[in-house]
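Architecture at a glance
Here is how the chains run, residue by residue.
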Amino acid sequence: MKKHLNTSITFYMSILFTTIFMGSSFPTGKYLISNEHVPPMLLGGWRFVIAGCMMLILTFMRNGERGILPTSKGNSYKGFILVFVIGFLQTAGTMGLLNFAMAFGVSSSISSILLFTNPLWLAFLAHFILDERLTKIKITSLILGVFGVGLCLGLDETLFGWGTLFALAGSLCWSINTIVTKKVVFDKGPWVLTGWQLLFGGMFMLIMSLVLKEHYTFSSLNHWGWIWFFWLIIPASVGSFGLWFYSLSQRGATTASSFLFLVPLFSTLFSIIGLREPFTFHLILGGLCVVVALMLIHRQPRKNIL
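Residues numbered from 1 in each chain as written. Predicted model: local features only at pLDDT ≥ 70, side-chain atom pairs only at ≥ 80, totals over all residues. Heavy atoms only, no water.

An unreviewed UniProt entry lists the chain under the name DMT family transporter, with Staphylococcus hominis as the source organism. Quoted straight from UniProt, the Sequence similarities (unreviewed entry) entry for the chain says "Belongs to the EamA transporter family." In the Subcellular location (unreviewed entry) part of its UniProt record, the chain is described as follows: "Cell membrane". (UniProt positions renumbered as here; feature names shortened; annotations may be inferred.)

Spelled out as structure tokens, the structure:
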């Protein structure tokens, strides 16, 4: 009984800090992009290249060269193709577009709400690709989620802005990536998969940064800028993924994923406190609609919805 209680406390603490660290990445990224004027692709590129390298180095020190070699059904060539595709979709696509959304003026709180609508789009795509039928509850969740997003955006001209489109495109990339990971087998586990996809995705973002002719002198960052930059790399990237995988090992994907609705809530709270973003009625009501929609989706009898 005592052992079960300790395990439960450990799980709830790990999933709580997972969502706190994930939620903190939105206002810290917004601060660096808007206040310190770090270009969005350059910021994401260095963040994920360093975080991916750290994860792979830790794995190499523990398991050796074979422990970090990506393989799919024993084939290293297919393994590298898989982590490259996932890095392109999940890291470069999702997070790169998210950074662009914040660079185009979307607040960090709304960015997080838009990004974490991905289970709603996944439910829609899975109907056609994974043969997972759209039930009445899923359809209700989709309608409620879209309505909530509209409320968060204020149903004004920002609804049709480039920033909103970038954020929603990032959420769609996440959904497509989830379908890829559900259809293709990866042999080495989620930690190694994440390390490689962060590395490849970050490298692609750095290439895009060169194409877009982004330039920034990091020596011009003030002390808060450096603090938040390293926060993005260690707690918000390596820490959040490490705790997330621990949570998955304790209770499984379905239970752990049901807590991810806390991420936009923490992001909104940190944005209001740290960035003094407005705390409006339509943001509260819209955010609640999205949270309820996500909770309804997660209560469906599906595995690995994220």
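Observations regarding the overall build of the chain
Looking only at helices and strands, the chain features 13 helices and zero strands. Taken from the N to the C terminus, the helices and strands of the chain come in the order α-α-α-α-α-α-α-α-α-α-α-α-α. Out of the 306 residues in the chain, the part that is buried amounts to 53%. Taking contacts inside the chain between residues at least 6 apart in sequence as the whole, the part at least 24 apart equals 87%. About 14800 Å² of surface is accessible on the chain, with carbon and sulfur atoms providing 72% of the total. (Helix = DSSP H or I, 4+ residues; strand = E, 2+ residues; numbered from the N terminus. Buried < 20%, exposed > 50% of the residue type's maximum accessible area, 1.4 Å probe, protein only. Contact = heavy atoms within 4.5 Å. Areas by Shrake-Rupley, 256 points an atom, 1.4 Å probe, with all protein chains shown as cover.)

Description of the side chain of E277
Mapped onto the elements of the fold, E277 is located in the loop between helix 12 (262-274) and helix 13 (281-298). For the buried E277, which has no salt bridge, the nearest side chain bearing the opposite charge is K30, at an N-O separation of 5.7 Å. If we ignore the near neighbours within four places in the chain, the residues touching E277 are K30, S107, S108, S109, S271 and I272. (Lys, Arg positive; Asp, Glu negative; His and termini not counted. Salt bridge = Lys/Arg side-chain N within 4 Å of Asp/Glu carboxyl O.)

What about helix 10 (residues 223-251)?
Its 29 residues give helix 10 an end-to-end C-alpha distance of 39 Å, which sits within 8% of 42 Å, the value for a rise of 1.5 Å per residue. Most pronounced at W231, the bend in helix 10 amounts to some 40°, and the proline P235 follows within four residues. At the N-terminal boundary of helix 10, the capping side chain belongs to N222, with an oxygen 3.1 Å from the backbone nitrogen of W224. (Expected span 1.5 Å × (residues − 1). Bend = angle between axes of the 7 residues up to and from the residue. Polar contact = N/O pair within 3.5 Å; in protein donor to acceptor, adjacent residues only side chain to side chain.)

A look at unusual backbone geometry
A positive phi angle, close to 55°, is found at K73, a residue other than glycine. Position of K73 relative to the elements: it lies in the loop between helix 3 (65-68) and helix 4 (76-103).

Here's the deal with the nonpolar core
Core analysis: the biggest nonpolar cluster contains 52 residues, and L32, V38, L43, F116, W196 and F218 have the highest contact counts within it. Of all the secondary-structure elements, those providing two or more residues to this core are helix 1 (2-34), helix 2 (40-63), helix 4, helix 8 (162-183), helix 9 (190-211) and helix 10. In terms of residue count, the dominant contributor to this core is helix 4 (nine residues). Residues within four places of F218 in sequence aside, it is in contact with V38, L42, W46, W226 and F229. Membership of the second largest hydrophobic core comes to 16 residues, among which are A101, V106, I113 and A167. (Core = buried A, V, L, I, M, F, W, Y, C linked by side-chain atoms within 4.5 Å.)

Re the packing of aromatic side chains
Applying the stated criterion to the full structure yields 22 aromatic pairs. A ring pair is formed by F80 and F200, whose centres lie 6.5 Å apart and whose planes are at 65°; its orientation type is edge-to-face. Of the two residues, F80 is situated in helix 4 and F200 in helix 9; the sequence distance between them amounts to 120 residues. The class for F80 is partly exposed, based on a relative accessible area of 32%. Grouping aromatic residues by their ring pairs yields a cluster made of F17, F21, W224, W228 and W231. (Phe/Tyr/Trp six-rings, centres within 6.5 Å; stacked < 30°, edge-to-face > 60°.)

Description of the environment of V180
Relative to the elements of secondary structure, V180 occurs in helix 8. Residues V180 and L89, spaced 91 residues apart in sequence, show a C-alpha to C-alpha distance of 9.6 Å. Setting aside chain neighbours within four positions, we find V180 in contact with L82 and L89.

Quick word on the side chain of T28
On the secondary structure map, T28 appears in helix 1. With near-sequence residues (within four places) excluded, T28 lies in contact with W228, W231 and L232.

A look at the packing of helix 9 against helix 10
One way to put it is that helix 9 packs onto helix 10 with a least axis distance of 10 Å and a crossing angle of 155°. In terms of axis orientation, helix 9 runs roughly antiparallel to helix 10. For the pair helix 9 and helix 10, the crossing hand works out as right-handed. Residues P190, W191, T194 and L198 of helix 9 pack against V238, F241, G242 and F245 of helix 10. (Axes fitted to C-alpha atoms, helices over the stretch in contact; angles between N-to-C directions. Parallel < 35°, antiparallel > 145°, perpendicular 65-115°, else oblique. Left-handed = near helix turned anticlockwise from the far one by under 90°.)

Looking at helix 5 (residues 108-115)
Since the α-helix turns once every 3.6 residues, residues separated by three or four places project in the same direction. Counting buried positions along helix 5 gives eight out of eight residues, so the element sits mostly inside the fold. Every buried residue of helix 5 is listed here: S108, S109, I110, S111, S112, I113, L114 and L115.

Quick word on the confidence of the model for the chain
Chain-level statistics for the chain give a pLDDT mean of 83 and a share of 88% at 70 or above. Averaged over each element, pLDDT in the chain is lowest for helix 11 (residues 253-257) (63) and highest for helix 2 (95). Counting interchain partners and residues more than four positions distant, the pLDDT-below-50 stretch residues 302-306 has 25 contacts. (pLDDT = per-residue confidence, 0-100.)

A look at a nonpolar patch on the surface
A cluster of nonpolar residues, W46, I50, M54, W226, F230 and I234, forms a patch on the protein surface that exposes about 510 Å² of accessible area. Breaking the nonpolar patch down by element, the ones donating at least two residues are helix 2 and helix 10. Along the chain, the position of W46 falls in helix 2. Its relative accessible area of 38% is what places W46 among the partly exposed residues. (Patch = residues over 30% accessible without salt bridge, like charges linked within 9 Å, V, L, I, M, F, W, Y side chains within 5 Å.)

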